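These are the residues of each chain, in order.
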Amino acid sequence: MKIDINGTSIGYSSGSGHPEADAPAIYFIHGAGMDHTVWVMQARYFARHGFRVMALDLPGHGKTDGPALDNVDAMADWLRGVIGATCHDASSITLVGHSMGTLICLSLAARFADLVDKLVLLGTSAPMPVADVLLNAAQDNDHAAIDMANTWSHSQRSLLGASDNPGTSNLHMGERLLERMADDVYFKDFSACDGFSTEHYDAIHTPTLIITGDQDKMTPPRAGMAVADLLKVSELVHLQGCGHVMMSEQPNQVLDAMSGFVRG
Amino acid sequence: MTDSKHRSPQGMGFDTLSLHAGQVPDPTTGARATPIYQSAAFVFPDSDAAAGLFNIERAGHVYSRLSNPTNAVLEERMAALDHGVGSVVTASGQAALHLAITTILSAGDHIVSSRSVYGGTHNLLEYTLSRFGISTTFVDPRDMSAFAGAIQPNTKLIFGEVLGNPGLEVLDIPSLSELAHSHHLPLLIDATFVTPYLCQPIELGADLVVHSATKFLSGHGVVVGGVVVDGGTFDWQSSDKFPTLSEPYVGFHDLVFADEFGPAAFITRARKEGIRDFGACMAPMTAFQILQGLETLPLRMQKHVANALEVATYLEQHDLVASVSYPGLPSHPDYELAQTMLPKGCGAVFSFELKDGREAGRAFIEGLSVFSHLANVGDAKSLVIHPASTTHHRVDEASLRAAGIGPGLVRLSIGLEDSKDLINDLKGGLRAVEKLNKQRASQVAKPLEAVS
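Residues take numbers from 1 onward in each chain, read along the sequence in its written order. Working convention: letters from A go to chains and numbers from 1 go to ligands, in the order in which they are written. Local features are withheld for residues below a pLDDT of 70 in this predicted model, meaning they are given only at 70 or higher, and side-chain atom pairs are given and counted only at 80 or more; totals for whole chains, interfaces and linings count all residues.

A. Looking closely at the overall build of chain B. A run of H or I in DSSP becomes a helix once it reaches four residues, and a run of E becomes a strand once it reaches two; helices and strands are each numbered from the N terminus. Of the regular secondary structure elements, chain B holds 18 helices and 12 strands. Compactness check: chain B gives a C-alpha radius of gyration of 24 Å against a globular reference of 22 Å for 452 residues, within 12% of the reference. Once the C-alpha set of chain B is aligned to its principal axes, its extents read approximately 95 × 55 × 40 Å. Within the span of chain B, comprising 452 residues, buried residues form 53% of the whole. Taking the contacts inside chain B whose residues are at least 6 apart along the sequence as the reference set, 73% of them involve residues at least 24 apart. Only C-alpha atoms enter the radius of gyration, while the globule expectation follows 2.2 Å times N to the 0.38, with N the number of residues. Once C-beta atoms are placed from the backbone, each residue is buried if 20 or more other C-beta atoms lie within 10 Å of its own, exposed if 12 or fewer, and partly exposed for counts between those two. With C-beta atoms placed from the backbone, a contact is any residue pair whose C-beta atoms sit within 7 Å.

So this is what it looks like as structure tokens:
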């Protein structure tokens, strides 16, 4: 689906929902190089449960017009504009982020605390430094950047398979999704992650759920736990045997962790 | 990205994936082998989870026509081996081809296909699908301009087999992919004869792959099955040609598959519509037996192609043989292309032409004892068939020639026996042809003697 905001076409999924005008809103923000399709199962769940779902494509990603942005606060400002244009009457607003998306959620909650009621952060780290080998490959638009990030994003089990989704190869899904992005997008995303700092943020009071995977090599569990230090109210769920792309590796466990927190 | 070639993730190697992909030891029992989940349906944890499974928001199984845990192991293993985002296994290879086509084509649509395809495929495309409004134009698989010239405004698919039938033409997949994509069309490849061990069409530019799993993937010849693999490479929203994926589907509450499932749009619709409604699903016992075969696929294919090359080389040098059509031989017109596209070998199915026609073919077949005379390929055991005296016995010579089948054409599927035993067996068949020729010569000579 697409929506036009101030002359910019923005790609998103509603999770096939038909919400009431005052339905609670939930925004899903993807990670580096990805798009809204990583949230398909979570989006469809919350849409069926009456939420106004917007699983967004960030600028320059998926079906949203470019250019891609290269710092987190600018992405958060963009998100604030989208929320303002799409969510006038919502009874509450929840932001759900993955990886780079979690930084956008933190930026928005820190700088515009009144806008957001709840945060869900999957695979987070603050700061989120990116290895030089990955940054350099992304800068060169070298496919090796996709290969490295995709492999490191999956658990040991996913390298062999045994996907929870029947007949799906999570590893190849990740590869094909990342291959869709345009030149320079990955470098801008990684630069945004690498340059992210919380030093200018006040403590965040928004109730927050943090979900970590114990085999997450991109944002290790201890990094997620450290993010909790920024937060006044937080819950932590550790997923066993799960890597960085937890929405596809353990979709049911992610839903179980999210549903009570978001709907409660 | 600038480097837009689709690649395999940096994961495990092919041999490891053949054994392990899609399966871990059973978490409940510790079973190392893949369990056979011989159950038609699966219990819902609660009502909300049940609704979630139907709504594609939870992972799991509902009913074995749609998915089954044993089948899912085979599906994920084939996706891993073929570098796809997913696959669906089917009741047969024909069911896989039908599922692939009907997921994206509707009445009024058109296919451009290689004319060198399996006879059953030709029947489906030429006669059966045309009854449902899907037409096909067949072209020479070596002629890229013929493919281009056959594309119409309503063309939705380009199709071919890696190795043609019966001429073993090697399909130039990279060139055909480039052509298809320049017209915003997906390329579907039947890779039955080569398996992912010898050729991974998605790596070469194809978007969809089908196999008859009855053949080399299984290797044992005890089951019938098929699989369709989605490369996740084609952008179904790049044009308005594919409304089944790019527009709301009333049959699933206005779901737009390409919008919500991205690279998995095709395979998700194939499962949520094609398998659901046409119902040509695979039995879990069949999936288990195919998995047993896949575990040894790399080893078997190495022996298959080594034996095939040895046998083909022997036959090519024999006086009674007019020609051998095997892309692994320098005499084949596509030898150079095969060296590039099929560096590990050109499969184990090939044909050769006996000089002395239909009767010679019959005598040859009946002189064999190790080769089994039947209508199949890809068994661990060597197989043979003489089309002119069996599948095409009612067809006159002119029609046979038009179909690329000479009266003395024999098709072999080379198995895993000792190559010397296979060659000795073939010698027996060729001796039977020699004997026939002598009898013929004497029958001709006697009247002449009488005259003299």
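B. Representation of the interface of chain B and chain A. Listed by partner, the interface residues are 47 residues for chain B and 40 residues for chain A. Only helix 2 (47–54), helix 3 (69–82), strand 1 (86–90) and helix 11 (257–261) of chain B provide two or more residues apiece to the side of chain B that touches chain A. In terms of residue count, the dominant contributor to the side of chain B that touches chain A is helix 3 of chain B (6 residues). Side-chain classes follow a simple rule in which Ala, Val, Leu, Ile, Met, Phe, Trp, Tyr, Cys and Pro form the nonpolar group, Asp, Glu, Lys and Arg form the charged group, and the remainder, Gly included, forms the polar group. Here the side of chain B that touches chain A is composed, by residue class, of 17 nonpolar, 19 polar and 11 charged.

C. Just the sheet that holds strand 3 (residues 135–139) of chain B, in detail. All names here are of chain B. Two strands form a pair only when DSSP identifies at least two bridges running between them. Read across the sheet, 7 strands follow the order 1-7-6-5-4-2-3 without closing on themselves; strand pairing throughout is mixed. Each edge of the open sheet carries a strand with a single partner, namely strand 1 and strand 3. Each adjacent strand pair in this sheet contributes to an overall mean axis angle of 20°, direction not counted. Here strand 1 pairs with strand 7 (residues 226–230) via 5 bridges, running antiparallel. Looking at strand 7, one finds that Val 89 is bridged to Val 227. Every axis corresponds to a line fitted to the C-alpha atoms, with the helix fit spanning only the stretch in contact, and the corresponding angles, defined between N-to-C directions, vary from 0 to 180 degrees.

D. Local environment of the nonpolar core. Any set of buried Ala, Val, Leu, Ile, Met, Phe, Trp, Tyr and Cys residues joined through C-beta atoms within 7 Å is what this text calls a nonpolar core. Counting residues in each nonpolar core, the largest one holds 206 residues, and the members touching the most others are Tyr 27, Leu 56 and Ile 104 of chain A together with Val 228 of chain B. By residue number, the principal contributor to this core is helix 3 (residues 100–111) of chain A, which donates 8 residues. Of the residues that make up this core, three or more belong to each of domain 1 (14–294) and domain 2 (298–451) of chain B. Val 228 of chain B has contacts with Ser 87, Val 88, Thr 90, Ala 96, Leu 99, Ala 100, Leu 208, Val 210 and Ala 270 of chain B, leaving out every residue within four places of it along the chain. Boundary definitions for the domains trace back to an automatic or database domain assignment.

E. The arrangement of the environment of Met 144 of chain B in detail. Residues and elements named next belong to chain B. Mapped onto the elements of the fold, Met 144 is located in helix 6 (residues 144–150). With 133 residues separating them in the primary sequence, Met 144 and Asp 277 have C-alpha atoms 36 Å apart. When sequence neighbours within four positions are dropped, the list of residues in contact with Met 144 reads Asp 172, Ser 175, Leu 176 and Leu 179.

F. Examining helix 12 (residues 265–277) of chain B more closely. All names here are of chain B. Taking 1.5 Å as the rise per residue, helix 12 with 13 residues should run 18 Å; its terminal C-alpha atoms sit 17 Å apart, in good agreement. The seven residues ending at a residue and the seven starting there each receive a fitted axis; the angle between those axes is the bend at that residue. The sharpest bend along helix 12 measures roughly 30° and falls at Arg 271. Taking burial as the measure, the 13 residues of helix 12 include 10 buried ones, the bulk of the element. Residues of helix 12 that are buried: Ala 265, Phe 266, Ile 267, Thr 268, Arg 269, Ala 270, Arg 271, Lys 272, Gly 274 and Ile 275. Where helix 12 is buried, its residues contact strand 1, helix 4 (93–104), strand 6 (208–212), strand 7, helix 10 (243–246) and helix 11. Count one or two residues on from helix 12 and you reach Gly 279, which has phi positive near 80°. Here, expected helix span is obtained from the residue count minus one, scaled by 1.5 Å.

G. Up close: the domain arrangement of chain B. All names here are of chain B. When its domains are assigned, chain B resolves into domain 1 (14–294) and domain 2 (298–451). The gap between the C-alpha centroids of domain 1 and domain 2 is 32 Å. On the domain 2 side, the residues contacting the 23 residues of domain 1 number 28 residues. Elements that contribute at least two residues to the side of domain 1 that touches domain 2 include exactly helix 1 (14–20) and helix 8 (195–198). For the side of domain 1 that touches domain 2, the residue count by class is 13 nonpolar, 6 polar and 4 charged.

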